[in-house]
Structures are given as C-alpha cells and as structure tokens.
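A closer look at the structure
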Amino acid sequence: MFTYIPVANMFWYSVTSWDGLSPSKEFVGLDNYVEIFTRPELFGVLKVSIYYIGASVVQIVLALYFATILSFNTRLRNVFKGVIFFPYLINGVAIGMIFLFFFQPGGTLDSALGAVGLGGLQQQWLGNPDVVNYSLAGTSIWRYLGLNFVLFLGAIQSIPAHLYEAAELDGAGRWAQFRYIIMPGIRPVVGLSFILAISGSLSVFEIPFIMTGGANESETFVIQTVNMAFKYYKFGLASAMAVVLLVIILLVTWLQRRVAPDEKVTLS
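Residues numbered from 1 in each chain as written. Predicted model: local features only at pLDDT ≥ 70, side-chain atom pairs only at ≥ 80, totals over all residues. Heavy atoms only, no water.

**Comments concerning the layout of surface pockets**
A volume near 360 Å³ is recorded for the largest pocket. Taken together, 21 residues form the lining of the largest pocket, with Tyr144, Leu196, Ala197, Gly200 and Ser201 sitting closest to its centre. The set of elements that each furnish at least two residues to the lining of the largest pocket consists of helix H4 (49-70), helix H8 (132-157), helix H10 (174-202) and helix H11 (206-211). Residue classes in the lining of the largest pocket are distributed as 11 nonpolar, eight polar and two charged. (1 Å grid on protein atoms, 1.4 Å probe; cavity = no way out; pocket = protein on both sides within 12 Å on 5 of 7 lines; lining within 4 Å. Points joined across faces, edges and corners; volume = space filled by probe spheres on them. Helix = DSSP H or I, 4+ residues; strand = E, 2+ residues; numbered from the N terminus. Nonpolar A, V, L, I, M, F, W, Y, C, P; charged D, E, K, R; others polar.)

Put into structure tokens, the structure is as follows:
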C-alpha cells in the first residue's frame, strides 16, 4: 500500500501530462522521457552530483580512519565516538540553518579565517557558483560522517580479538593489522557504504534545498524534480524524472556489484 502502489502510480504518471490537479490524465507515451534527455537543463544538473560523490569518498576515508583509530585503546575514545556520531542525530533542517550562519559573509568561517590571518580567502561561500557546491558537499561530509563511522566501528569490533593478539606476537604493526586483518574483515561493509554513498550523492536534496534552494548552480536533480512537480505543476514530467533517477541508481548499484562483488570473509 505504501510502497508498491505509489511506485506503480509514479510509472503511470510518467507517461501522462498530468498537472497534479486535473481529474483526467492524458496519455503521452514516452514524450516526458524524450524531453528529459533532449533538454540539457533537465538532465545536465546531474553533474552537481559529482561534488557529492567526491565528498562521499572523503567521508568514507575519514570514517574508516577514525573507526580504526578508536577501535583500539585510545584516551577519551568514547568522547570522540560521541563527537563524531552526534551530527548524524541532528535534524537536517537545523544543520542547514547552522551552516547558513557558518558560511554567510562575516559569519563563523570568515571570522575564523580572519583570526588566523587568512582574511584574503574570505568570499561568498554560498553565492559564488565556483565555490557553493564545495561548501554544500563539505556540509554533507560533516553530517553523514557519523553514519559510516558507526558502521565501520561495529564491523571492526566484530573481528575476533585473538587475530590482533596473534598479529602482535608476529610483530605486525598497526598498518599491517589494518591491511591484512581489518580491511579484509570489513570489506562487505565498505562495499555497502560505497553503494549508499553513490545512491545518496545522486539523490541529494535536503542540504542544498535548505541552504541555497538550488541557486547559483547548486540545483540537484531531486530539487529540480520537486520544483517541476510542485512549482510548475508538471507532475507527469516530474514522475518521469523520478523514474530516470531510480533507474540510474539501480544501474550504478548493479555496476558496483559487478565490479566489486560481495565476497565471503573468512578470518581465522
């Protein structure tokens, strides 16, 4: 009722010219899909996802680093765990508002740069089209780092402790333990994180919608889809855009599975 019927309706709407209000829905076949691929301004906004894909890679690397460090005996490690995971618990709207003040002219970031003698770097962080997507992607790193961190930490802590003890007896350092014990042991979780990261990067909505509304070349495919439906009342075209995005995410996931298939991990 809440999953399959709405999805089926979305496919039906995508082949109509429905405006979201009219009781009748005129069938137009594949016209909406043709329009998506022939209008560069519709399909071209997917290039913004490249910034978020890059940010996702940075996020996964940082999460893996912190999870590895804090899985060993480290001073105040429970405090650091809470600090890293806490942003993920904050509502996305609140995060958007916080970083609006952080990036605004004369705001927290500009003040910090001025305090350390880097005032020359101050600029319109959300108003400059050359910089805005880096700012938004950086905000996403801060917010979602905690999710990957917890996934990696749980996977690392599930590795039998006697493997570390045996490695230490053999003279293996932390890097060797990470390379030959931790990475092979958590490879399925890393693969899952990459799938979630890519699909999330393609469907970014919350942060850019709240902070810029898609202005200054920061509009994502999902923001454009929402505007098409609720601002321009082209529900048929918006539904076709949603179908295209769904197909792209499924295709990317399938390719990832083909390139890096899940392997059964055996540690002994």
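**Overview of unusual backbone geometry**
You will see that Leu76, though not glycine, has its phi angle at about 60°, which is positive. Checked against the element boundaries, Leu76 lands in the loop between H4 and helix H5 (77-89). What makes Leu76 exposed here is its relative accessible area of 56%. Positive phi is not limited to glycine here, since Glu217 has a value of about 65°. Position of Glu217 among the secondary structure elements: in the loop between H11 and helix H12 (221-230). (Buried < 20%, exposed > 50% of the residue type's maximum accessible area, 1.4 Å probe, protein only.)

**Describing the packing of H10 against helix H13 (residues 235-259)**
Direction vectors running N to C along H10 and H13 enclose 155°, while the axes themselves pass 10 Å from each other. As summarised for this structure, H10 and H13 are arranged roughly antiparallel, according to the angle between their axes. Helix-helix and strand crossings are classified by hand; for H10 and H13 the assignment is right-handed. When H10 is examined against H13, the residues Phe194, Ile195, Ile198, Ser199 and Leu202 are found in contact with a partner set consisting of Leu245, Ile248, Ile249, Val252, Thr253, Gln256 and Arg257. Here the contact of H10 with H13 is composed, by residue class, of eight nonpolar, three polar and one charged. (Axes fitted to C-alpha atoms, helices over the stretch in contact; angles between N-to-C directions. Parallel < 35°, antiparallel > 145°, perpendicular 65-115°, else oblique. Left-handed = near helix turned anticlockwise from the far one by under 90°. Contact = heavy atoms within 4.5 Å.)

**Describing the packing of aromatic side chains**
One pass over the structure, following the stated rule, counts 15 aromatic pairs. With 5.1 Å between their ring centres and 85° between their planes, Tyr51 and Tyr134 make a pair best called edge-to-face. Here Tyr51, found in helix H4, pairs with Tyr134, found in helix H8; they are 83 residues apart in sequence, far enough to count as distant. A connected cluster of aromatic rings, assembled from ring pairs, spans Tyr13, Trp18, Phe230 and Phe235. Residue placement shows Lys25 over the ring face of Trp18; its charged tip is 4.6 Å from the ring centre. Its end group placed over the ring of Phe72, Arg174 keeps NZ or CZ at 3.9 Å from the ring centre. (Phe/Tyr/Trp six-rings, centres within 6.5 Å; stacked < 30°, edge-to-face > 60°. Lys NZ or Arg CZ within 6 Å of the ring centre and 35° of its normal.)

**Structural notes on the packing of H8 against H10**
It is the contact of H8 with H10, at a shortest axis distance of 9 Å, that shows an interaxial angle of 150°. Classified by the angle their axes make, H8 and H10 are roughly antiparallel. Relative to H10, H8 is oriented so that their crossing is right-handed. Contacts from Asn148, Leu151, Phe152, Ala155 and Ile156 in H8 reach Ile182, Ile186, Val189, Val190 and Ser193 in H10. Partitioning the contact of H8 with H10 into residue classes produces eight nonpolar, two polar and no charged.

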